[in-house]
Amino acid sequence: MTRGLRRAGQPVAASIGLLLALPAAPAQAHTSLPAYLGLNELAPGTFAVIWRVPAAEGPPPAIFPVLPAHCTVPDIPTEVELPGSVVTNGVVACGETGLAGQAIAIDGLRVTIMDALVRIAFADGTSVTRILRPQEPSFVVGGESNRRVDGWGYFRLGVDHILSGIDHLLFVFGVLWIVAGFRRLLKAVTAFTVAHSITLGLATLGFVRVPPAPVEALVALSIVFLAVEIAHHDRRAESLTYRRPWVVAFAFGLLHGFGFAGTLSQIGIPSGDIPLALLSFNLGVEAGQLAFIAAALALLGSLRTLEIRPRPWMRAAPAYTIGSLASFWFLQRCALIFG
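What you see is a predicted model, and the numbers here were worked out from it, not measured in a lab.

Reading guide: rules and limits
- Residues numbered from 1 in each chain as written.
- Predicted model: local features only at pLDDT ≥ 70, side-chain atom pairs only at ≥ 80, totals over all residues.
- Heavy atoms only, no water.
- Phe/Tyr/Trp six-rings, centres within 6.5 Å; stacked < 30°, edge-to-face > 60°.
- Helix = DSSP H or I, 4+ residues; strand = E, 2+ residues; numbered from the N terminus.
- Buried < 20%, exposed > 50% of the residue type's maximum accessible area, 1.4 Å probe, protein only.
- Disulfide = S-S within 2.5 Å.
- Core = buried A, V, L, I, M, F, W, Y, C linked by side-chain atoms within 4.5 Å.
- Contact = heavy atoms within 4.5 Å.

Chemist: Outline the packing of aromatic side chains, supporting the account with residue identities and numerical values.
Modeler: Scanning the model with the defined rule gives 6 aromatic pairs in all. Look at Phe173 and Trp177: their rings are 6.1 Å apart centre to centre, the planes differ by 40 degrees, and that puts the pair in the tilted class. Here Trp177 and Phe173 lie together in helix H4 (residues 166-178), a separation of 4 residues that amounts to about one turn. Across the pair, Trp177 and Phe173 agree in class, each one buried. Among the aromatic residues, ring-to-ring pairing joins Phe171, Phe192, Phe225 and Phe252 into one connected group.

Dropping the structure here:
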């Protein structure tokens, strides 16, 4: 979008400032997965428990499920360390009282930036699904409002996922930089949205299975591609990226959709909850993406009137900043794959 920015009189320095304003994030994008607490009623009042805590960025956070005081643990739970998480399995006996009308909490969640998905499957076929957050680390089981999928929770999870994923945001920023004109931008963003919605749905529903590690590496490589296009815009003004940006956005959108699907697949959503969870999560991703685009355009627009004359090297700074970050991610993710 370099040409479009210049037509509008927007300084290149503004875009550099926008890049610097992006939140710092670890190289492994989208590792901020929610914790998961699953309770499956085996017999009246007796539940099989699975507690999974993400550990992709180091030791798992000190968070623990808190069940009602009358629930007991008859056997010692087993703990298994898996790639990217620590999983604890066990059984709890809550007697005739059960869990209906009782509070369930995640201790330590308030001091984290992590969410926790809680799902309770009762023997009568009903279920409760809630997403707990640092500002709301507990809930009371019961009532008709609990007997459904927490669509709003999945929506917020999608918003958080896209806004905490600096690699996906950098790709969107690269598209904003390349595309000139609102209608062409709308077309490119729509193509990206449609494409990642397709692969997100296919992967989450289990029709397509793609290893997450190679996908994350290719996502980084897609950003490198855009950075190269931006850096060489004078010589490649007639390339497919500039002539048909929606084609490139659609192609890479298919890839990014598999990256989005990694979150839902690693949560372990029950098959009956997938349709609403998938829809809500995807809408959340789109809301977060549109919020980022609106903020970027608003910032650039607000700086249009500033009389800043960037030096020649400053014009290449955004491309090299994006490309350097993406190249680092690509090499690191390849090291994780082959190491």
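Chemist: Summarise the state of the cysteines; cite the residues concerned and give the values.
Modeler: For the coordinates displayed, the defined rule picks out 1 disulfide. Paired by a disulfide, Cys71 and Cys94 hold their sulfur atoms 2.1 Å apart. Around the S-S axis, the bridge from Cys71 to Cys94 shows a dihedral of about 110 degrees and counts as right-handed. Remark: Cys94 occurs in the loop between strand S5 (85-93) and strand S6 (103-107) and Cys71 occurs in the loop between strand S3 (64-66) and strand S4 (78-82); sequence separation between them is 23 residues.

Chemist: How would you sum up the nonpolar core? Please name residues and give values.
Modeler: Among the nonpolar cores identified, the biggest contains 52 residues, and Tyr154, Phe171, Leu200, Ile223 and Phe281 are the most heavily contacted of them. No other element matches H4, which puts 10 residues into this core. Not counting residues within four places of it along the chain, the set of residues in contact with Ile223 comprises Asp167, Leu170, Phe171, Ile322, Ala326 and Trp329. Ranked by size, the runner-up nonpolar core spans 24 residues in total, among them Val53, Met114, Val118 and Ile120.

Take it as geometry only, folks, not as evidence of what the structure does.
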